[in-house]
Amino acid sequence: MKKDFIRLSLSLIILVAIFYIFQQKQIAKESITYFPIDPTVTFPKANTTLTFHKKRFDEYSILWESNSSINKRAYLRQDMSLLYGNGKLISTMGEWRQNTLELSEEKTVVERESNYLQAITFHYAEIHDANERIFSSQKISADNLYIINSKFESAPLSFHTPNNLVEKDWATTLDKQALDYIEYSYRQVLKKFHISAEQYDTKLLLTELSKFNDTPLPDFSKEQSAKILGQLTEGLYKNYFLGIMREDGTIADPIGSSIPVILINDNHLLILFTTKDGEAIVLRQQISTL
C-alpha cells in the first residue's frame, strides 16, 4: 500500500511538472508583444541567409538560416521568419528561448520550379529591468535569392544579385511574375473591402521592411517608426504567423498566402493579402505614436 501511494505521488508530481513545462512553453510561444523600446538594447548581429544546394533530378534545396544576438541578456528572445517564393508564402520558421543573448534557427526547403525567394525575419527581445518594468527591442533582417531551374539552362543558376545579361533577364522575368501576383491579390482586397488606396500616403511590401531598421518610415520619426514596426510585428505574429482568421471564424494556414501589402496613413495602417484559396484579407492596426 505504501509503495502504491509513493508511485501515485510520483506520477502526480511528474504530471504537474509536465503540465507546468507545457504551460510555460505555450505562454512563451505566443509572447511577441510590443513594449516600450529600450534604447540601450541593440542587436550586434541579425542575419537571414538563403543558400542554394543542388539535389537530385529536377529538385533543389535551399538552406534557410536566421541568427541574431543582443548586447544584454533578455527574459525572452524570439524570432519569426517568413519565406516567400514567387510572391507566395512557402514556409515559416519560429524559435524562442528564455534568458539568453543569442538565437539561431535553420530549415531546409525543397523546391522544383524557378523561384524568386524572399526571406524576412523579425528578431525580438523582451527585457525585464531591476524594477520589474518590461521593455522590448527589435530588428528585421532579410535575404533574397533567384533560382533558375529551367530546361533552357544546362544547370540550375542561383544568384542574389544579377551580374550578367542572362541573370538580369531571368531576374526581370521572375520579379515581374511575383509582382504581378502580389498586385493582383492586392487589387482583389481593395475591391472586396472598397478601400481607396489614394487615402494612404505610403505603400510597402512586407518584404521591404528591413530597410527601416535605421531609416524612419515616410512621414514618421525614427522613434515613431520603431513603435509602429514593433506593434506591426506583434500583429503579424498573432494574426498571420499563428493563423489567419477567416470571415466565417475558422483559422487558415498562412502558407500559400500572397506577400502582404502595407498601406500607411497618419493614424492607422492596413495589411492586405489573399489566402491560398484566394480569400481577401485585411488587417487593420491603429497607429499611436505617443
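## What about the nonpolar core?
Line of reasoning, step 1. Ranked by size, the top nonpolar core spans 46 residues in total, and within it L82, F122, L206, L209 and L263 carry the most contacts.
Line of reasoning, step 2. With seven residues, the top contributor of residues to this core is helix 3 (residues 222-241).
Line of reasoning, step 3. Discounting residues that sit within four places of it in the chain, L82 has contacts with W64, L89, S91, T92, Q118, A119, I120, F122, L206, Y240 and F241.
Line of reasoning, step 4. Residues W64, M93, L117 and I147 belong to the second largest nonpolar core, which totals 11 residues.

## Brief notes about unusual backbone geometry
Line of reasoning, step 1. Of note in this structure, N86 is not a glycine but carries a positive phi near 55 degrees.
Line of reasoning, step 2. As for its placement among the helices and strands, N86 is situated in the loop between strand 2 (60-85) and strand 3 (88-111).
Line of reasoning, step 3. One non-glycine residue, H194, adopts positive backbone phi at about 55 degrees.
Line of reasoning, step 4. Within the secondary structure, H194 is located in the loop between helix 2 (165-193) and strand 7 (202-205).
Line of reasoning, step 5. Judged by its relative accessible area of 73%, H194 falls in the exposed class.

## Description of the pairing of strand 12 (residues 280-286)
Line of reasoning, step 1. Taken together, the seven bridges between strand 11 (residues 268-274) and strand 12 define a ladder with antiparallel strand orientation. Considered in strand 12, the bridge of T274 is made with A280.
Line of reasoning, step 2. Linking strand 11 to strand 12, which pair antiparallel, is a turn of five residues; within it G278 sits at a positive phi near 90 degrees.

Cut-offs applied
- Residues numbered from 1 in each chain as written.
- Predicted model: local features only at pLDDT ≥ 70, side-chain atom pairs only at ≥ 80, totals over all residues.
- Heavy atoms only, no water.
- Core = buried A, V, L, I, M, F, W, Y, C linked by side-chain atoms within 4.5 Å.
- Buried < 20%, exposed > 50% of the residue type's maximum accessible area, 1.4 Å probe, protein only.
- Helix = DSSP H or I, 4+ residues; strand = E, 2+ residues; numbered from the N terminus.
- Contact = heavy atoms within 4.5 Å.
- Pairing = 2+ DSSP bridges.

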